[in-house]
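Residue-level structure breakdown
For reference, the chains in residue letters:
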Amino acid sequence: MIKLNNNELKRIKAGASGWLIAGICAGITFLISALDGYFRPFKCR
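This report concerns the structure included in the present document. (Residues numbered from 1 in each chain as written. Predicted model: local features only at pLDDT ≥ 70, side-chain atom pairs only at ≥ 80, totals over all residues. Heavy atoms only, no water.)

Our next topic: the packing of aromatic side chains. One pass over the full model with this rule turns up one aromatic pair. Residues Tyr38 and Phe39 carry aromatic rings whose centres are separated by 5.1 Å and whose planes lie at 80 degrees to one another, so their mutual orientation is edge-to-face. (Phe/Tyr/Trp six-rings, centres within 6.5 Å; stacked < 30°, edge-to-face > 60°.)

Listed below in structure tokens is the structure:
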């Protein structure tokens, strides 16, 4: 087994970052909500 030092660990790029996943989820949520509001508008009470 090879032991990596800190510099080698920082250079590893794998998978998607947390911010990318959160941004995609926020975009999907916004799109679904916008389409729902367009197709099923509710009147103000």
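Take the environment of Arg40 next. Looking at the element boundaries, Arg40 is found in the segment after helix H2 (18-39). Of note is the side chain of Arg40, whose polar atom sits 2.7 Å from the side chain of Asp36. (Helix = DSSP H or I, 4+ residues; strand = E, 2+ residues; numbered from the N terminus. Polar contact = N/O pair within 3.5 Å; in protein donor to acceptor, adjacent residues only side chain to side chain.)

Applying the stated criterion to the full structure yields one salt bridge. In this structure, Asp36 engages Arg40 in a salt bridge whose closest nitrogen and oxygen atoms are separated by 2.7 Å. Taking the relative accessible area as the measure of exposure, Arg40 reaches 49% and is therefore partly exposed. (Salt bridge = Lys/Arg side-chain N within 4 Å of Asp/Glu carboxyl O. Buried < 20%, exposed > 50% of the residue type's maximum accessible area, 1.4 Å probe, protein only.)

Among the surface-exposed residues, Ile2, Leu4, Leu9 and Ile12 lie close enough to one another that they form a single nonpolar patch of about 410 Å² accessible area. You can see Leu9 is positioned in helix H1 (residues 6-10). When its relative accessible area of 46% is taken as the criterion, Leu9 is described as partly exposed. (Patch = residues over 30% accessible without salt bridge, like charges linked within 9 Å, V, L, I, M, F, W, Y side chains within 5 Å. Areas by Shrake-Rupley, 256 points an atom, 1.4 Å probe, with all protein chains shown as cover.)

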